[in-house]
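# Secondary and tertiary structure notes
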Amino acid sequence: MENIVIIGNGIAGVSAARHIRKLSDKRIIIISAETDYFFSRTALMYVYMGHMKFEHIQPYENWFWEKNRIELVRGYVTHVQPQEKQLLIDGSRAIQYDKLIIATGSKPNKFGWPGQDLHGVQGLYSKQDLDLLEVNAPNKETCKRAVIVGGGLIGIELAEMLRSRDIPVTFLVRENSFWNGVLPKGESQLINEHIKEHHIDLRLATNLKEIVADENGKVKSVIIAETGEEIPCDMVGLTAGVTPNIDFLKDSGIELGRGVKVNRFLETNIVDVYAIGDCAEQHEAIGNRRPIEAVWYTGRMMGETVAQTICGNRIEYKPGHWFNSAKFLDIEYQTYGWVFSERNKKEHEEHFHWRHAAEKLCVTMAFDKDSHQFLGINTFGIRMRHEVFDRWLTEKRKIDYVIEHLQDANFDPEFYKNYEHEIVSKFNADFGKSIKPKRKSIKRIFNLKPQHH
Amino acid sequence: MSTYDRSMALTGQPPKEISRNQKIATLIGLSGLAIILLAAFNVSFPNKALWLSISLAAITTGTIWFSWEAYSKKLPGIKNDGVWFKSISSQGFWGWIAGIALTTFYIVLYFYPEYLGLVKDGENKGVIALFDPLSRMLSGNPASQWFVYGTLYTVAILAFGIKFMWKYRHNRYERIRTMSVMFFQTAFAFIIPELMARLNGDKILNGGSLPYYDLKNVWPLNYYNFEGYRIKSFLSSGDIGFALLIFGILSIFVITPILTYKYGKRWYCSWVCGCGGLAETAGDSFRQLSDKTVKAWNIERWVVHSVVVFVTLMTTAVIYSYLGTDTSKYWLTKNTFLIGVAILLTVVFTLVMLFKREQLQKDAQYGAIGYFVIIMALIGMHFFSGDGNVFLFKSETLRKSYSFLIGSIFSGVIGTGFYPILGNRVWCRFGCPMAAILGFQQRLFSKFRITTNGGQCISCGNCSTYCEMGIDVRAYAQKGENIVRSSCVGCGICSAVCPRGVLKLENGPLQGRIDSNQVLMGNDVDLMTLVNKK
């Protein structure tokens, strides 16, 4: 019987294991140094905030693994020796494999700031990071102020977490508007405002110079590069992105870039060794995607794909249309297709932006200037139906069609106010059109009769 | 990566101690309860109407002020910060104290009303006497323990309903639904029946009387609706009484299935029902305590379906017991009735087995077959056993045991008393026969389902944790599967707490409602077709 060993029990590794089990009878071993059982990493924040206990963020009950004959090993893989087809746990215990899947995820970036390894300085990625946060910032008495460095999704989540325990937060963001490398400026502005509504001390266009230690080697303050200002604090969160967690593979002979290099079949340069999830790096980016994608659902999809390959149906990893979602404090964000920020926008990409006069709601749609083809949508505070946008992107719909049928895509709960009419009139006003919104149609939404165009 | 590991002991303090205003609000609320408690110890208040008003006003004001302090200073959004750090909402010390206090109250209420001051054939004393003025104002009669309970119940739904609406003020579905629950409790469960009682003996009832009737309660929730004394009451009061009787029957066989077909069982369980209303409002702080394990699910299915069988048997037996045998006196005789029941059950059973079998789990199928056999066997026994001893037991014994075990212990003592221990829908989930029957309809032919939004699920578990019915919503969402569960009461909280907008309660086409693709969006077509083939 073939021996499949998976390093990492995150969504990528576990999806691979589950699908291999669905398709075959192979022996499956998952090794993790982090936790005994799989948990949802993206939900760690809710444990600190007291929305859930740690056991609630474990998607499967503990008996699931034994029932599905997925063996779990707790330990840290220190070496991979592809010549012998074995790996070492904690430098000593050897485990043999026939096929190896590397799914070790990421670790927080550190950019060589002075003081970045002091006590009280941490990232937020693993279960251990969360445990550490309970030490560094259990309450507002122990942690009188926290400073967060780096303005991405993890940064704002960490800010929300600390605010839930009333800890004052200073948020240092290098850009001159929050996440404006990704979001167009109207949206970025909306989030700036929302961050301040939550009494977070947002400092834009601000860089960290150094982290200062007290006499015990614990963080005492941070110094800002631009002004030299010293901010006293008891905890520093480093959230300037993540890098693949692959240091243990350095002398294994497996080809590495920033991550583990893989082809479209998720195979590494060594036969029977695969890499998936956050730690995998495509030789060539797929479409507009980045070569490394640290996203929950791509990890899941790579796991499903590699399971097919390993079970004898060798197939390419072909992610469909880009989508993603996040939550900025109280504002939900979804994106389908591609909407680039001003910084990364291409010549032919035109934007339509609508923002509600009072509420924190906005929508941005991207389309091609010449062909008018719809390229993508960002939506804040309005839920949209994934299936519908996925279909429209596949069908290469024109922006006018999308605007006209926008009600079909609404996924807000019943009785919510709808803003489609406002959005359509803003579009008409901006582009000199006279589109009348079509009424919502169940038939179209559920695609009951195939649509032709 | 470090292998440094600690237990998840949360050393942090609750995110926010209660503020000074909240302390004052608590004091006011408790002072209202204290008046009632003093009355319970037979302190006789001189002006009962005044003291009762003060008491109820204090309880309401205290609750509302406390909630205002909790939510008004926060931005609209999900407010579950610290739920698991607070003793009251995480099965901690105060949770247990609350559970024990509630349970004790229910035991006294159901079994020792004399301790509350109920006096048969005389002037009430104690707490019940305190409520006399209000009762007289509404129905003209002195209060009973049920009137005291009804009043407190309504006050709880109203005050905590306002709290709920503030808590979820960003969510219009929740606000409207709560207003509906508050309305039905106040009008239909509390005021209308009292006013109806006022009509008794009136000339529009031809001198007859109506039984106490909460119009929104449908059999089998009001398992007593077809008992002899009620039928007599209905029939004694002419057209109005007869119309109510017909309404009671139509509710079961016509109104309920149509509404459930269109909207799912939520039209009842979380928009109309009083038990649901209390669970959603006063019980909201405990919704995360429901057990989501597969074990709990298995127990739930067996228990709740057994209650349905029990209530059907019991009602059949009770109606049977007061029917005659002589066709010349009345067309409905013991024989006709039992044959009618047998035919009805056979038709339902056959239709389900013929057309909807694939939608039932195997154990549900065995269960259905088992129950069907039992019911048929017992009906068969009628023809072999002597009169009065239907179903091996006397019907009165059956009725009494149902009323004691299910009507009192389950729906009251455990159902509400255990809110802080087992979650707020214990009764709805494990005990309510109405929820089970509606759930059966919902599973088989309703347009209602919870749809999932493509591949957006991050398996965070908020939906499952906050499902008061103990459904592991995430298990479906992370597979991209529609959620069609008979226990879902459609409260909408899973959708509300989802940080990624994955879930939506929808009434849509029946086509493809259950056989949704267990595939998430995002993969290319090849992989999707592949997995679909399986």
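What you are looking at is a predicted structure, and each value in this text was computed from that prediction instead of being measured.

Before going further, it helps to examine the UniProt feature "domain: FAD/NAD(P)-binding" (unreviewed entry) in chain A. The UniProt entry lists residues 3–286 of chain A under the feature "domain: FAD/NAD(P)-binding" (unreviewed entry), expressed in the numbering used here. Annotation note: span residues 3–286 of chain A, helix share 20%, strand share 28%, distance between end C-alpha atoms 31 Å.

Residues and elements named next belong to chain A. Partitioning chain A into domains gives domain 1 (3–107 + 243–311), domain 2 (121–240) and domain 3 (323–446). The C-alpha centroid of domain 2 is placed 30 Å from the C-alpha centroid of domain 1. Taken together, both faces of the contact between domain 1 and domain 2 bury some 1,400 Å²; the carbon and sulfur share is 65%. Counting across the domain 1 and domain 2 interface gives 0 salt bridges. The tally of links from domain 1 across to domain 2 stands at 7 residue pairs in polar contact (both at pLDDT 80 or more). At 4 residues, helix α2 (residues 44–48) tops the list of elements feeding residues into the side of domain 1 that touches domain 2.

Facing 75 residues of chain B, the contacting portion of chain A comprises 77 residues. On inspection of chain B and its partner chain A, the count reaches 2 salt bridges. Secondary structure elements with two or more residues in the side of chain B that touches chain A: α6 (172–198), β1 (448–452), α18 (462–465), α20 (493–497), β2 (503–507) and α21 (525–533) of chain B. Among the elements that take part in the side of chain B that touches chain A, β2 of chain B stands out by supplying 5 residues, more than any other.

All names here are of chain A. An order of β21-β22-β25-β24-β23 is seen for the 5 strands of this open sheet, with the pairing classed as antiparallel. If you trace the sheet from one side to the other, it starts and ends with β21 (323–328) and β23 (349–355), each paired once. This sheet shows a mean twist of 10° between the axes of neighbouring strands, independent of strand direction.

Our next topic: the environment of Y149 of chain B. All names here are of chain B. Of note, Y149 is situated in helix α5 (residues 145–167). The exposure class assigned to Y149 is buried, which follows from its relative accessible area of 15%. When the C-alpha atoms of Y149 and L109 are compared, they prove to be 7.9 Å apart, with 40 residues separating the residues in sequence. With sequence-adjacent residues up to four places away left out, Y149 is seen in contact with F105, Y106 and L109.

Let us now look at the nonpolar core. All names here are of chain A. Counting residues in hydrophobic clusters, the biggest one holds 127 residues, and the most contacted among them are V80, L87, I101, I102, L162, I191 and F389. Ranked by residues supplied to this core, first place goes to helix α7 (residues 296–310) with 7 residues. Aside from chain neighbours lying at most four places away, what touches I191 is I156, F178, L183, F328, I331 and F380.

Residues and elements named next belong to chain B. Applying the stated rule across the entire model yields 45 salt bridges over all chains. In this structure, the salt-bridge partner of E280 is R287, at a minimum N-O distance of 3.0 Å. E280 sits in the buried class, given a relative accessible area of 3%. Here the residues in one salt-bridge network are K167, E174, R177, E280, D284, R287, R425 and E468, joined through shared partners.

In this section: the packing of aromatic side chains. Taken as a whole and judged by the stated rule, the model has 55 aromatic pairs over all chains. Residues F352 of chain A and F431 of chain A carry aromatic rings whose centres are separated by 6.2 Å and whose planes lie at 65° to one another, so their mutual orientation is edge-to-face. Of this pair, F352 of chain A sits in strand β23 while F431 of chain A sits in helix α11 (residues 420–431), placing them 79 residues apart in sequence. The interplanar angle of 15° and the centroid separation of 5.6 Å between the aromatic rings of Y112 of chain B and Y115 of chain B together place this pair among those described as stacked. Through pairs of rings, three or more aromatic residues link up here, namely F105, Y106, Y110, F111, W146, Y149, Y153 and F404 of chain B.

Attention now moves to the pairing of β2 of chain B. Two faces, one strand: in a regular strand the side chains alternate between the faces of the sheet. All names here are of chain B. Across the 5 residues of β2, 4 count as buried, placing the element largely inside the fold. In this sheet, β2 lies alongside β1 in antiparallel orientation, the contact comprising 5 bridges. Note that in β2 the partner of F448 across the bridge is N507.

Once that is clear, we can look at the domain arrangement of chain B. All names here are of chain B. Each assigned domain of chain B is listed with its residue range as follows: domain 1 (1–75 + 112–199), domain 2 (205–446) and domain 3 (447–533). Roughly 410 Å² is buried in total at the junction of domain 1 and domain 3, and carbon and sulfur atoms are behind 53% of that figure. Contact with domain 3 buries surface across domain 1, with Y168, Y173 and E174 losing the most and accounting together for 64% of the total. The interface formed by domain 1 and domain 3 contains 2 residue pairs in polar contact (both at pLDDT 80 or more). Here the side of domain 1 that touches domain 3 takes 3 residues from α6, the largest share from any one element. The class makeup of the residues in the side of domain 1 that touches domain 3 is 3 nonpolar, 1 polar and 2 charged.

It is worth spelling out the confidence of the model for chain B at this point. Residues and elements named next belong to chain B. Here chain B averages 84 in pLDDT, and 89% of its residues register 70 or above. Here residues 1–15 is a poorly scored stretch, pLDDT under 50, and it has 39 contacts once near neighbours within four places are set aside; other chains count. This complex was scored by the predictor with a pTM of 0.92 and an ipTM of 0.94.

Let's shift gears to the packing of helix α1 (residues 11–23) of chain A against α7 of chain A. Residue and element names in this part refer to chain A. Contact pair α1 / α7: the axes reach a minimum separation of 7 Å and the direction vectors enclose 35°. Crossing hand, α1 versus α7: right-handed. Mapping the contact onto sequence places I11, A12, S15, A16, H19, I20 and L23 in α1 and W296, G299, R300, G303, E304, V306, A307, Q308 and I310 in α7. Of the residues assigned to the contact of α1 with α7, the class counts are 9 nonpolar, 5 polar and 2 charged.

Procedures and definitions
Residues numbered from 1 in each chain as written. Chains lettered and ligands numbered in written order. Predicted model: local features only at pLDDT ≥ 70, side-chain atom pairs only at ≥ 80, totals over all residues. Heavy atoms only, no water. UniProt positions renumbered as here; feature names shortened; annotations may be inferred. Helix = DSSP H or I, 4+ residues; strand = E, 2+ residues; numbered from the N terminus. Domains from an automatic or database assignment. Buried area = accessible area lost by both parts, 1.4 Å probe. Salt bridge = Lys/Arg side-chain N within 4 Å of Asp/Glu carboxyl O. Polar contact = N/O pair within 3.5 Å; in protein donor to acceptor, adjacent residues only side chain to side chain. Contact = heavy atoms within 4.5 Å. Pairing = 2+ DSSP bridges. Axes fitted to C-alpha atoms, helices over the stretch in contact; angles between N-to-C directions. Buried < 20%, exposed > 50% of the residue type's maximum accessible area, 1.4 Å probe, protein only. Core = buried A, V, L, I, M, F, W, Y, C linked by side-chain atoms within 4.5 Å. Phe/Tyr/Trp six-rings, centres within 6.5 Å; stacked < 30°, edge-to-face > 60°. Nonpolar A, V, L, I, M, F, W, Y, C, P; charged D, E, K, R; others polar. pLDDT = per-residue confidence, 0-100. Left-handed = near helix turned anticlockwise from the far one by under 90°.

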